[in-house]
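# Overview (structure and organization)
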Amino acid sequence: MKKILIAGNWKMNTNVESSTEFCLNVLEITKNMDLKFTVLICPPFVNLGNCISILKDSNVTVGAQNCWYEEKGAFTGEISVDMLKSVGCTYCIVGHSERRTIFGESDEIINKKAKALLKSGLKPIICIGETLEERNSGNTYKVLFHQLDNSFVGFSEEDWKNVVIAYEPVWAIGTGVTATPEQAQEAHHNIRKYVAEKYGDIASQSLILYGGSMNEKNALELLNLDDVNGGLIGGASLKVDSFVSIINSAEQILNS
Ligand code: 13P
């Protein structure tokens, strides 16, 4: 059966009240569903506690959007992997394009974060993606393979089982412009092929999520693509209706 992960990246949105309301609603809707795949929400750090306490015995797991790789110490404003683990996080997004561009995160830092997460038993969702300029100048795969070479180094075979790749073309993030099914399948296929060539057979099992303006209207088509194993969803994960509709699309695919 196809492996699917539906992940919501809330970015810097919601507060304790609105995240609590979201979780209570999603809990109510999903509590009797027999889901064959993982549903994940990634709220801001300060809302992890309340979301996890509501969803702890539910069908929905909770992750973070970022972490720092050192264990503890003088890193004002940062959150360690151990802190995420102790609050009950299971996944953590790293290397989102917003962190790469706005906060200057390098592949080297992203790789260190991913390794720290893996060491503690959390699953990193590592994002890669090209800008429009890079795509238009024919450099899509040069960029993606460079990110794969440098953000994904030094993982053991066991680690690879817990690494999630998110392909998020930067030009599709928050723009309402989604990659066409052909563009998405081509990119996902080439990413999987590259991982197989470099890191071996494990690539056939790798989860490769698509992110970039995925919503309730296009999810079914995108999730149905051979090499797409789910979505990393921004805007549409903030509304219960659209997020649940995307969950239903994944369910429909696995039941067909
Ligand atoms: P949108 O779904 O809002 O385009 O955001 C995608 C994204 O960046 C998820 O990480």
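Summary of the structure given here. (Residues numbered from 1 in each chain as written. Predicted model: local features only at pLDDT ≥ 70, side-chain atom pairs only at ≥ 80, totals over all residues. Heavy atoms only, no water.)

Our focus in this paragraph is helix 1 (residues 16-30). Compared with the 21 Å implied by 1.5 Å per residue over 15 residues, the 21 Å span of helix 1 between its first and last C-alpha is a close match. Within the sequence span of helix 1, burial applies to Ser19, Phe22, Cys23, Val26 and Thr30. Seen end-on, helix 1 carries its buried residues on one side only, within an arc spanning 95°. Exposed positions of helix 1 whose direction lies more than 90 degrees from the buried face are Glu17 and Glu21. Turning to helix 1, the residues buried within the fold contact strand 2 (38-42), helix 2 (48-55), strand 3 (60-64) and helix 11 (240-255). Its side-chain oxygen placed 3.1 Å from the backbone nitrogen of Glu17, Asn15 serves as the N-cap of helix 1. (Helix = DSSP H or I, 4+ residues; strand = E, 2+ residues; numbered from the N terminus. Expected span 1.5 Å × (residues − 1). Buried < 20%, exposed > 50% of the residue type's maximum accessible area, 1.4 Å probe, protein only. Arc of directions from axis to C-beta. Contact = heavy atoms within 4.5 Å. Polar contact = N/O pair within 3.5 Å; in protein donor to acceptor, adjacent residues only side chain to side chain.)

Another aspect to go through is the packing of helix 7 (residues 140-151) against helix 9 (residues 181-199). Relative orientation of the contacting elements helix 7 and helix 9 amounts to 40°, with a least axis distance of 11 Å. As far as their axial angle goes, helix 9 and helix 7 are oblique. Of the two elements, helix 7 crosses helix 9, and the hand of that crossing is right-handed. Residue-level contacts link Tyr141, Leu144, Phe145, Leu148 and Asp149 of helix 7 to Glu186, Ala187, Asn190, Ile191, Tyr194, Val195, Lys198 and Tyr199 of helix 9. Of the residues contributing to the contact of helix 7 with helix 9, the split by class is nine nonpolar, one polar and three charged. (Axes fitted to C-alpha atoms, helices over the stretch in contact; angles between N-to-C directions. Parallel < 35°, antiparallel > 145°, perpendicular 65-115°, else oblique. Left-handed = near helix turned anticlockwise from the far one by under 90°. Nonpolar A, V, L, I, M, F, W, Y, C, P; charged D, E, K, R; others polar.)

Walk down a regular strand and you will see the side chains alternate between the two sheet faces. Side chains Val164 and Ala166 project from strand 6 (residues 164-167) onto one buried face, and the interleaved Ile165 and Tyr167 project onto a second face that is buried too. Relative to strand 6, strand 5 (residues 123-128) runs parallel, the two sharing four bridges. The partner of Ile128 across the bridge, within strand 6, is Tyr167. For strand 6 and strand 7 (residues 207-211), the ladder comprises four bridges, and the chain directions are parallel. (Pairing = 2+ DSSP bridges.)

So, about unusual backbone geometry. We note that Lys11 has phi near 50°; this positive angle belongs to a residue other than glycine. Along the polypeptide, Lys11 turns up in the loop between strand 1 (5-9) and helix 1. Overall, Lys11 belongs to the partly exposed group, its relative accessible area being 21%. You will see that Thr14, though not glycine, has its phi angle at about 80°, which is positive. Relative to the assigned elements, Thr14 resides in the loop between strand 1 and helix 1. You can call Thr14 partly exposed: its relative accessible area is 33%.

Close to the ligand lie 13 residues; Lys11, His96, Glu168, Gly174 and Ser213 are nearest. Note that an oxygen atom of the ligand is positioned 2.6 Å from one of the backbone N or O atoms of Gly174. For the ligand, the accessible surface in isolation is 310 Å², of which the surrounding protein chains cover 95%. The residue inventory of the shell around the ligand, partitioned by class, reads four nonpolar, seven polar and two charged. (Near = heavy atom within 4 Å. Areas by Shrake-Rupley, 256 points an atom, 1.4 Å probe, with all protein chains shown as cover.)

One broad trend across soluble globular proteins is that nonpolar side chains are buried collectively. Ranked by internal contacts, the top residues of the largest apolar core, which has 69 residues, are Ile6, Phe37, Ile41, Phe152, Ile191 and Tyr210. With eight residues, the top contributor of residues to this core is helix 11. The residues touching Tyr210, leaving out its near neighbours within four places in the chain, are Tyr167, Pro169, Ala172, Thr178, Ala179, Ala184, His188, Leu222, Val228, Gly230, Gly231 and Leu232. In terms of nonpolar packing, the next biggest core, distinct from the first, is built from 13 residues, Ala7, Ile125, Val164 and Leu209 among them. (Core = buried A, V, L, I, M, F, W, Y, C linked by side-chain atoms within 4.5 Å.)

Remark: helix 1 packs on helix 2, axes separated minimally by 9 Å, with the N-to-C direction vectors making an angle of 20°. In terms of their interaxial angle, helix 1 and helix 2 are classed as roughly parallel. As helix 1 packs across helix 2, the resulting crossing turns out to be right-handed. For the pair helix 1 and helix 2, contact is made by Val16, Ser19, Thr20, Cys23, Leu24 and Leu27 and by Asn50, Cys51, Ile54 and Leu55, respectively. Considering only residue class, the contact of helix 1 with helix 2 consists of seven nonpolar, three polar and no charged.

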